[in-house]
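# Close look at the chain arrangement
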Amino acid sequence: MEPFAGTRVQDLVARGDTVLVLTSEPADAEFNGAVYRSTRPEAWTLIAVFRTPALARSLEELDGALYVGLACYPGEIRPASGQVCRLEAPQRPTPQKALKKKPPKKARRR
């Protein structure tokens, strides 16, 4: 998908006319993640930015809250793999330029 060229899309969630996309990429010893929402393929809104101790591999939305499942790459061992993190309430849309200036928030583990 063109809006995500150069990123690592890990999961998609489609409900009705809304699609959520989860990205997660290595950053030092942790991972930077983001969630985007869209009702049209040409217009995506960044709704959450976070940092996790393992790869954010799966995404789910339940009662308005976002949850990510943590995993690891084959041949890699990460103690946080298998955990599910609840993200803070979805954030207001953030311009792409602002993402590079602010470090992502850590996800809370449940």
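All of these numbers come straight from a predicted model, not from anything done at the bench.

### Quick word on the environment of T52
Locating T52 in the fold gives a position in strand β4 (residues 43-52). Sequence separation of T52 and A27 is 25 residues, and the distance between their C-alpha atoms is 9.7 Å. Engagement of the side chain of T52 in a polar contact is seen with the backbone oxygen of A54, the distance being 2.6 Å.

### As for the side chain of S38
Inspection of the secondary structure puts S38 in strand β3 (residues 30-40). Within the local environment of S38, its side chain forms a polar contact with the backbone oxygen of A43, the two atoms lying 2.6 Å apart.

### Some points on the pairing of β3
For a regular strand, side chains alternate in direction, first toward one face of the sheet and then toward the other. Summarising the sheet, strand β2 (residues 18-27) and β3 pair through nine bridges and their orientation is antiparallel. In the strand pairing of β3, P26 is matched with F31. A loop of two residues connects β2 with β3, the two strands running antiparallel in sequence, and D28 in this loop sits at a positive phi of about 60 degrees.

### What to know about the packing of aromatic side chains
Taken as a whole and assessed by the stated rule, the structure comprises one aromatic pair. Look at F31 and Y73: their rings are 6.2 Å apart centre to centre, the planes differ by 50 degrees, and that puts the pair in the tilted class. Within this pair, whereas F31 is found in strand β3, its partner Y73 is found in the loop between β6 (65-71) and β7 (84-86), the two being separated by 42 residues in sequence. Accessibility expressed as a relative area gives 27% for Y73, which makes it partly exposed.

### With respect to the nonpolar core
Of all hydrophobic cores here, the largest spans 16 residues; its most connected members are V35, L59, L66 and V68. At the level of elements, β2, β4, β5 (55-62) and β6 are the ones that each hand at least two residues to this core. With near-sequence residues (within four places) excluded, V35 lies in contact with L20, V21, L22, T45, L46, I47, A48, F50, L59, L66 and L87. Judged by nonpolar contacts, the second largest core, of six residues, contains F4, A34, Y36 and L46.

Reading the values: the criteria
Residues numbered from 1 in each chain as written. Predicted model: local features only at pLDDT ≥ 70, side-chain atom pairs only at ≥ 80, totals over all residues. Heavy atoms only, no water. Helix = DSSP H or I, 4+ residues; strand = E, 2+ residues; numbered from the N terminus. Polar contact = N/O pair within 3.5 Å; in protein donor to acceptor, adjacent residues only side chain to side chain. Pairing = 2+ DSSP bridges. Phe/Tyr/Trp six-rings, centres within 6.5 Å; stacked < 30°, edge-to-face > 60°. Buried < 20%, exposed > 50% of the residue type's maximum accessible area, 1.4 Å probe, protein only. Core = buried A, V, L, I, M, F, W, Y, C linked by side-chain atoms within 4.5 Å. Contact = heavy atoms within 4.5 Å.

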